[in-house]
Structure formats: C-alpha cells, structure tokens
Amino acid sequence: MSRDYKSSIHLPQTEFAMRGDLPKREPITLERWQSQGLYAAVRANSAGRPRYVLHDGPPYANGAIHIGHAVNKVLKDIVVKSRLMAGFDAPYVPGWDCHGLPIEVAVEKKFGKVGDKLDAAAFRAKCREYATEQIAGQSRDFQRLGVLGDWDKPYRTMDFAFEADMLRALAKVIERGHLARGVKPVHWCFDCGSALAEAEIEYADKVSPAVDVAYDAVDGKAVAGVFGVDPGAAIVSVPIWTTTPWTLPASLAVTLGAELDYVLVRGPERHGKAVLLVLAEALAEAALQRYGVAAFEVLGRAKGAALEGMQLNHPFYQRIVPLILGDHVTTEAGTGAVHTAPGHGQEDFVVGQKYGLDVLNPIDGRGVFLPNTELFAGQYIWKANDTIAALLAERGMLLALEKLNHSYPHCWRHKSPVAFRATPQWFIAMEQAGLRRDALAAIKTVRWVPEWGQARIAGMIAGRPDWCISRQRTWGVPIALFIHRETGEPHPRSVELMRQVADRVAREGVDCWYTLDASEWLGDEAAQYEKVGDILDVWFDSGVTHEAVLAAHPEQGLSKPADLYLEGSDQHRGWFHSSLLTGVAMDGVAPYRQVLTHGFVVDANGRKMSKSVGNVVEPQKVIDQMGADVLRLWIAGADYRDEMSVSDDILKRAGDAYRRIRNTARFLLGNLHGFDPARDLLAHADMLLLDQWALHRAHELQGQISAAYERYDFAEVVQRLNNFCTVDMGSIYLDVTKDRLYTMQQHALGRRSAQSAMYHIAQAFVRWIAPILTFTADEVWAHLPGERVTNVLFATWYDGLAPMAAGAALSSEDMRAVLDLREAVSAVLEPMRGNGVIGAALQAEVDAYLPEALLQRLQPVASELRFLFITSRLDLHALSARPDDAVKGEGSDAWIRAVASKHSKCIRCWHYRADVGSDPEHPEICARCVENVEGAGESRRWF
C-alpha cells in the first residue's frame, strides 16, 4: 500500500500571486503611495545624499495624454528611480506649459474672441481655468503610469510666481545686452495672427507656382558690355526664378553670386524683338529648356561681381531694381539670379541691410495686400499668385510657369502655410552680444545622448536667425517694457522697472501690467512712453524654467544646472534650444549637464500614429487592459534612440516578458516560505557551490545592470533581466534547486543554502526591476522575508552579493565549462525524449567522456553532477574510454552516451535509482529520500 509523502515535500508557498492582475492591483498600490506621502518619504530618506536633478520639460496643458507623453514620463521616472537606487537624492518636480495659442483657441471656441463676450482680463481668467482643468486630468494619468514626483507642488508657467520670474529672467537677458527691436522678416501665421518662433515651424509639402520672370536692364548696352557683347536693339534681361510670386510687389533688388560664372545667351523673342538673357552658366541649359529654347550659343561670359550696381526695371512697377551680390545665391535650382524682398525673407533682409535697401512689407496680419498696394490691394496672397502670374504673362515678362510640389514651412498648430513678413518685433539677438558664439561653445560642455544630438543642435544654433520673442496675442506674459512714443526705444531704466513690475506680478498676476498707470512708475516722463502690448513667445516661458523653477525652488531639492534634460528628438529645435539660448544669455553657460533624446512612437510598420489611419495606441487603454508595468516594460525595452514601434502584438510580447519576470520573482518568494534571514541565512562561504555560482552571476549582473542604468541604456537592462530569468534562473538554477528545496529536510544545510542564495538574489532582483516595474517591485518588496525598510525606493543597490571565492572547488570559468557540458548532454537527451525513449531527463543515465584536463577539474564534484544535469545518473570517464556508440557533444569536446534507466522511479523525488525499495518500510522511494524522511537528512556539498 502506497504511503503519502506529500507532507515531507516542501513545495513553494507565497501570497505573491501568479497572475499580476495589474489593472486592478496597481490603482490600490497607487492610492496607498498617495495616502502615505511616498514621494515626501523618499525625499526624506534620501536627505544628505549627493543630488541628481532631472528637470521636467513641461508638456502643454491641453488634451489627454498620448503614447508619446507616456514614453517621455516613464523614461524620466526610470532615470529618477535608478538614480535613487544608485544612492542619489533625486527629486522630480513635474511641470506644465500653460500659455499660448492652443488654449486661446479652445477658449475662443466657447466664448468667442477677445471683445466678443469677454474683455481681455476675463478671457485670460478663462484660459487659466481651462489650463487648470487640463493639468488635473493629465496629472492623474501621469501618476497612474507609476511616475513618482512632487505632484502636489508642480510648477505651472501660469503661476504668478513663475510669471514674475519670467520677467526677471527677461530683465537679466536685457541687462546682458541681448535684446533687440527692429522691423525684420519673421515667420507669420495668418491663422494665429502672430509671429512664430523657429520651433513653431514644421515643414510639409505644398504645391506652389514656380515662375521665371524677366527683369529688363535699364541700360541693356551696359549690361551686355560686361560680357563683351553689343546687343544692338535687343532687350537685355536678367531672369529670376521664384516659388512665391506674391513677394514680387516687395521686390527691391536682384542678387547674383559674386564668384558664379554667368553667360549671355539668346532667349525667346518678346513681341517680335530679340532678347538676350543673363543666366548662371551651370543653370543656363535647364532654364532655356523651360523657356522653349532647344539650342543656344554662349555670346559672352562674366563673373557675377562684374554686374554689381547695374540697374534693372521691376517687371510691373515703375521701380528701379539694382543688381547686388549675396553669398546665399547658389546653382542648385533656378537661374542664378534671386529676386530680393527684404521684407519677406531672412537672407533677403541680411543682404538688403548690407546694401541699404528698405524693408518693404505690403501684407497685413491676415495675409492681405494693404490698401495702398498698387494693382493687388485687398487680395489674399495665395490667391494673388495667379493674378501676378497673369499680369506677368500679359506684359511679356513671364518666361515660364509650372506647378512645383516642394517642402514649405507651415504653422505647427494650424498646419497652414506661413509667410515671411517684416513687422516690428522684439528679438533676442544672436550676434550683438556674442550669444551665438557662446552658445556654440556651451554645447561642447554638455554630454549628448545619443552623441549625434550635439551636431544637430550645433547646426541649428549656427544657422538660426535672431529669436523673435514677441507675440501679438492675449494669453501669455507681457513684455513689460515702456518704450518711447517717438523713437520706440526702451526706457533707460528698463531692467530696474521690469524687476519692479515682476514683484507686482508675483502678487497680482500679469493682469496688473495692463491696468497699471505709467505715471506711477515713470512720473513726469509717463506722457512720453507707452506700454508694450506684445506677450512673450511661449518658448521663452519653457526656456527659462531653469531660472524660474530650478534656481527658484531649492526647497524642492532643485538647483541649476540640471544634471539631465530628457525629451523627444524634436526638442533640439524646441526646449533644448530655447533653454540653451536663455541659459547662455543669462548665465553664460548651458542650463544642463546632459541631454537625452528619445525618438517618436510609430506603429509596427513605421508609420506615424494617426486617428485617421486607425493605428493609435492609447496608453489609458493599455493600462486598463494590461497594466502600467507592462507598458513601462515595453518603453524600457524599446531602443529610444530611434523610432519606437508599438502595436498590440508588440505589447503582447512585453506582457509575455513581464510574466517571465513575475514568475521568477514568485518562484524565489515561494521557496523562501518559512525562511527567516535573521535565523537561517548562511554565510557565503558555507553555501553549496551552485548557490555560490548563482550569487556570482547575480553579482556580475548587478554590475552590468547598474552600469546600463547609469548610461541610460534601459533596453540593455531589460535584455539582461530577461536573459537572467530565462537562462540563469529558469533553465539552470531554479530548475536544479527544486530537488534540494522540495525533498531535503526543512532545516538541512543544502536547503538553507539554496534559500540563502535566493534571498540574496530576490533582494537584488527587486531593486533591479524597481525603476522599470515600479508597481511589481513594490509588491515583491512586501512579500520578502525578514526586516527591511518600508519601501524598495528607500533602498540602494544590494550589497549582499559576492563573486565566487578564490578557493572554490570550481572557478566561475570551470562552472562555464560544466554548463557547456550540461547543454551538450541536453542536446543528446532531447531527441531521445522526442522519440519516446525517455520521458523526462531524470529517466536518463549518462556517461560523459572528457578530455583529461576537464576530467581532472570536474572530478572533485563528480558525485553530485547528476543533480546539476537533472539526470538519475551521470558518470565521468576519460576520453580514451569512450565507446563507439558515444555521441560528440554539440559545442563541446566531450562525448556523450545516454540510455534509459532500467531502475524504478522514486515516487517522492522522481529519480530512477537502483536503491528504490531498498528499505522495506518504504518500498516506493529511494534511499536518499528515506534518509530525508526518517533519517538525519541528506548531505550535499556542491549541487
């Protein structure tokens, strides 16, 4: 009659659930964190440590968070928590960008434009209310992601204190000589009704009319004479090529390249008269083909410099247009002659300044030609393109017209094409106080992750125009300057006055600027000055957070420069850019030590997320279905240096990886049931060899993981964690130690040794996953045995791991050789199992024939190798003794012979042993199990 040995088997026991059930479990954990004030407790616990400040770039307070927000916030949270584990005090103060057009538009939809139903003050109040509501919703979603931070005291760019600090920052910029005012061409959005910054521009395809237009020489003989040609009665003309015909009314010059080679050739006749054309030699053939001239003869050649100062007639106005020289003229396309409108282009403006040209802008803020614009008054510029082309054709000045699909600047909010338009604006000048030079120098002092970020932002800074910081809108921080009514110059005491205004804004908000009486500040001078009505560009708002947040709130653990700025790759032209310029303008140094850039999220096919395409992955939905930790694991495991692909299948794979990690944690915890580290923890030297090896592997891995966290390589962390769970733990250690843990006596040294190793590994493992699987780590921590600090985030990298001792029976290299042999044996057993020769590996009896050196190394532990190989017998022999039916081990110098055991199976340990039934009192179990059930217990040394 069979006996029941179940009570003698020590199976795993734990309340740590196999199923994560994260969508239900995580909100309960989050509520506990919030009620306990976890962030404040973590900060208190970290007090006195070295400081590490990651500065949060503010998302815009409008709309629900999307998958890109989730990526950004989770990456930041991983950085912060990994720095906590590394022994730093790592505060995290989240923030929001609150001013700007999107909120204005949302309020306008409900209440109309300023003056319809609400005056400006009431309108700003509604904007503030709207932003507050949006922040509350986004904050809830960010916290649900498991992001730990000072959510009760975030920074908001609409807070009075922040608005005041913005003005103080601007005062500092002015004090250091970087502010300029002038009529310069800026990107202008007719839908916004305002100037735009470079960061507010995106490029999209646009179909434009490409026209070749003839500018006839005032003195054709003089122009032709430069080429050594007598034109006779022929018209001499310089053709230009442009994709913006609407700018021709503002055309004040034609620019040539000084060192370019130009030729004089015959063009198509005009009204029966011969025409000679001046074209860049490199472009002449292509241009003449557009004009219908199949073959041509070069009549003469000249450098562009030889034509400087020659005069042309405007194609439809009574206006003399000079030929000037500019470095921006190339032979990439067109004719080699560029029509120049200083009011409608940055390069045109620069060359126009050199030649003393006016800055003519006949376009109003709506994109309509002004009433005094000859021929085109009242016409919208895009529609005027056709009108202008028709007029040129009528007058014989249109040489060619075609439609061109090209990349063109658009407003990033309205997705509508913008125009360069010269208006009086306020600028942070790039040259007048050396800002460009100093910014380029500062870039080199920063660590850029990935490294290509340095070249990218350097190129942008090197080529950017002055920063237009003024906007003609309502919801924002005013440029609090008093300017002279006649000269337009700021008051001599502008810096002092702005700081005084800032003090009042800190108490009352920006509305005080619009109501204050200038005489209160300027006394008798008040009548000579007026207040500036423009507001600051929102990129200035976020750009000065290093001053208004980091420098302003040391009580929150903040300081500047920040250790890290972390945002998407578009922020080289956005927040990284504006922060660099303001930081250098104010302090002469960059506001950050390191900058990390992550890519955008795309679908599995590399397509951008789009509701119309139907490929949008909503983080809220993923959390509700799979849990935040699965989403966090996908984010950490993706290579953020490139575009990050996500789909249901990709997230399913992340879910599978999560289950492997969770099952590993559960196995460790389950086998620590009844283990009291204060009573049962063995010293490292007293542990079995395999347990020492497991700790050695964990020790190596912790070094690799902590280093990967430090260099922000989270994908490597995930890869190494998965490998550890699957290979070192799942395929080797946990599988092998089941025998000891289940069958040995509860307090046996071999069992306590395994539990000691598992305790150390669990202590380290929970720390490794804490920055990424933040909810799961909290859960694991709660189930660990023994005394410990309240929360895993109070801990640092575990110091209980150790490499293998120098005097161990096998070195770590020897263990690698043993495991290689184990794999070779498994490769032999696998087909036997597949063919039904054996059921499990335990049914096999194995003989391994080894080279002498390996045999000698393994001989001391040979008696217990069967446990490591999970076979019922494993004997080692010299290679010279191998029989003919031995098989060469795959990837090994060993030869393997395996057969199915003829012995009986022990019903307790499942080994096939000759001594099963040797004790008549226990006829169904082996002698080893009899010893573990009734005797003094089995003894092990190695495995």
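Nothing here was measured: the structure is a model prediction, and the numbers come from that model. (Residues numbered from 1 in each chain as written. Predicted model: local features only at pLDDT ≥ 70, side-chain atom pairs only at ≥ 80, totals over all residues. Heavy atoms only, no water.)

Colleague: Would you take a moment to explain the overall build of the protein chain for this structure?
Modeller: Along the protein chain, the regular secondary structure elements total 30 helices and 32 strands. Expressed as a percentage of the 943 residues in the protein chain, the buried residues total 58%. A separation of at least 24 residues holds for 77% of the contacts in the protein chain among residues at least 6 apart in sequence. Treating the 101 positive side-chain charges of the protein chain as one cloud and the 118 negative ones as another, the clouds have centres 3 Å apart. (Helix = DSSP H or I, 4+ residues; strand = E, 2+ residues; numbered from the N terminus. Buried < 20%, exposed > 50% of the residue type's maximum accessible area, 1.4 Å probe, protein only. Contact = heavy atoms within 4.5 Å. Lys, Arg positive; Asp, Glu negative; His and termini not counted. Charge placed at Lys NZ, Arg CZ, Asp CG, Glu CD.)

Colleague: What should I look at first to understand the pattern of salt bridges in this one?
Modeller: Opposite charge on two side chains permits pairing when their charged atoms draw close. This structure, assessed with the given rule, holds 62 salt bridges. Put simply, D885 and R897 hold a salt bridge, and the shortest N to O gap is 2.9 Å. Here D885, found in the loop between β28 (873-878) and β29 (887-888), pairs with R897, found in strand β30 (residues 895-900); they are 12 residues apart in sequence, far enough to count as distant. On the basis of relative accessibility, which here comes to 26%, the residue R897 falls in the partly exposed class. (Salt bridge = Lys/Arg side-chain N within 4 Å of Asp/Glu carboxyl O.)

Colleague: Explain the pairing of strand β6 (residues 201-216) to me, please; I cannot follow it from the model alone.
Modeller: Regular strands show a simple pattern: their side chains alternate between the two faces of the sheet. As paired elements, β6 and strand β15 (residues 398-411) share 13 bridges and run antiparallel to each other. When the sheet's bridge partners are listed, K206 is paired in β15 with H406. Bridging between β6 and strand β7 (residues 235-242) involves 6 bridges; their strand directions are antiparallel. Bridge pairing in β7 links V213 to I240. (Pairing = 2+ DSSP bridges.)

Colleague: What should I look at first to understand the nonpolar core in this one?
Modeller: General note: in soluble globular proteins, nonpolar side chains tend to be found buried as a group. By size, the foremost hydrophobic cluster in this structure holds 157 residues, and its most contacted members are L631, W634, Y733, W768 and F943. Sorting elements by how many residues they give to this core places helix α24 (residues 714-743) first, with 13 residues. Ignoring anything within four residues of it in the chain, the contact list for W768 reads A698, L701, Q702, I705, Y709, L721, F724, W797 and L801. (Core = buried A, V, L, I, M, F, W, Y, C linked by side-chain atoms within 4.5 Å.)

Colleague: Where do I start with the side chain of H491 in this structure?
Modeller: In this structure, H491 sits in the loop between β20 (482-484) and α13 (494-508). Ignoring sequence-local partners within four residues, the contact set of H491 consists of F482, L497, L522, E525 and Y529.

Colleague: What is the right way to read the packing of helix α21 (residues 648-670) against helix α26 (residues 774-783) from this model?
Modeller: Any two packed helices are characterised by the angle at which their axes cross and by the distance between the axes. Between α21 and α26, whose axes approach to 10 Å, the crossing angle comes to 10 degrees. Considered as vectors, α21 and α26 are oriented roughly parallel to each other. For the pair α21 and α26, contact is made by Y658, R662, A665 and L669 and by T776, E779, V780 and H783, respectively. Here the residues of the contact of α21 with α26 are counted per class, giving 4 nonpolar, 2 polar and 2 charged. (Axes fitted to C-alpha atoms, helices over the stretch in contact; angles between N-to-C directions. Parallel < 35°, antiparallel > 145°, perpendicular 65-115°, else oblique. Nonpolar A, V, L, I, M, F, W, Y, C, P; charged D, E, K, R; others polar.)

Colleague: Help me understand the packing of α21 against helix α25 (residues 749-769), please; the structure alone is not making it clear to me.
Modeller: Axis separation between α21 and α25 bottoms out at 10 Å; the angle between their running directions is 150 degrees. Compared by their axis directions, α21 and α25 come out roughly antiparallel. The hand of the α21/α25 crossing is left-handed. Counted together, I661, T664, A665, F667 and L668 of α21 and M758, I761, A762, F765 and I769 of α25 form the full contact between these two elements. (Left-handed = near helix turned anticlockwise from the far one by under 90°.)

Colleague: What exactly am I supposed to notice about α25 here?
Modeller: Residues spaced three or four apart along an α-helix face the same direction, because each turn holds 3.6 residues. For α25, spanning 21 residues, the distance from its first C-alpha to its last is 30 Å, which sits close to the expected 30 Å at 1.5 Å a residue. Burial analysis of α25 places 20 of its 21 residues in the buried class, which makes it a mostly covered element. (Expected span 1.5 Å × (residues − 1).)

Colleague: When you look at the packing of aromatic side chains in this model, what are you seeing that I'm missing?
Modeller: Describing an aromatic ring pair means giving the distance of the ring centres and the angle of the ring planes. Applying the stated rule across the entire model yields 23 aromatic pairs. Between Y155 and F162 the ring centres are 6.2 Å apart and the planes differ by 10 degrees, which places this aromatic pair in the stacked class. The pair Y155 / F162 is uniform in exposure class, with both members buried. Judged by centre distance (5.9 Å) and plane angle (45 degrees), the ring pair of F675 and Y759 falls under tilted. Taken together, the residues F675 in the loop between α21 and α22 (677-680) and Y759 in helix α25 connect sequence positions 84 residues apart. (Phe/Tyr/Trp six-rings, centres within 6.5 Å; stacked < 30°, edge-to-face > 60°.)

Colleague: Help me out: how do you make sense of the sheet that holds β7 in this one?
Modeller: Pairing between sheet strands relies on hydrogen bonds along the backbone, with the strands arranged either parallel or antiparallel. With mixed pairing, the 6 strands of this open sheet are ordered in space as β11-β9-β10-β7-β6-β15. Of all the strands in the sheet, just β11 (300-303) and β15 have a single pairing partner and so form its edges. Across the sheet, the mean angle separating the axes of adjacent strands is 25 degrees when strand polarity is ignored. Where β7 meets strand β10 (residues 275-280), 3 bridges bridge the pair, whose relative direction is parallel. Its bridge partner lying in β10, V236 is registered against L276.

Colleague: What am I meant to see in helix α23 (residues 689-710) here?
Modeller: Compared with the 32 Å implied by 1.5 Å per residue over 22 residues, the 32 Å span of α23 between its first and last C-alpha is a close match. Y712, located one to two residues past α23, shows a positive phi value of around 65 degrees.

Colleague: Help me understand unusual backbone geometry, please; the structure alone is not making it clear to me.
Modeller: Here the bond from V449 into P450 is cis, since omega is -5 degrees, no more than 30 degrees from zero. Within the secondary structure layout, P450 lies in the loop between β17 (447-449) and α12 (452-463). Here the bond from K560 into P561 is cis, since omega is 0 degrees, no more than 30 degrees from zero. Tracing the sequence through the fold places P561 in the loop between α17 (545-550) and β23 (564-568). Of note in the backbone geometry, L375 takes a positive phi value of approximately 80 degrees without being a glycine.

Colleague: Explain the sheet that holds β29 here, please?
Modeller: What the 4 strands build is an open sheet, ordered β28-β27-β30-β29; its pairing is mixed. Across the chains shown, the open sheet's two edge strands, defined by having one partner strand only, are β28 and β29. Examined bridge by bridge, strand β27 (residues 844-850) and β30 share 6 bridges and lie antiparallel to one another. The partner of A848 across the bridge, within β30, is I896. Sheet strands touched by helix α27 (residues 812-834): β27, β29 and β30. Its angle to β30, the strand with the most contacts, is close to 40 degrees.

Colleague: Can you help me understand the side chain of T247 in this one?
Modeller: Tracing the backbone through its elements, the reader meets T247 in the loop between β7 and β8 (253-256). Ignoring sequence-local partners within four residues, the contact set of T247 consists of T242, H339, A341 and H344.

Colleague: How do you make sense of the state of the cysteines when you look at a structure like this?
Modeller: Note: disulfide means a covalent bond formed between the sulfur atoms of two cysteine side chains. If you walk through the whole model with that rule in mind, you get 0 disulfides. Counting only cysteine sulfurs, C98 is the nearest neighbor of C127, a cysteine outside any disulfide, at a range of 11 Å. (Disulfide = S-S within 2.5 Å.)

Colleague: How should I be thinking about the environment of E716 in this particular structure?
Modeller: Counting through the fold element by element, E716 comes out in helix α24. Taking relative accessible area as the criterion, E716 reaches 15% and is therefore assigned buried. E716 has contacts with Q704, A708 and R711, leaving out every residue within four places of it along the chain.

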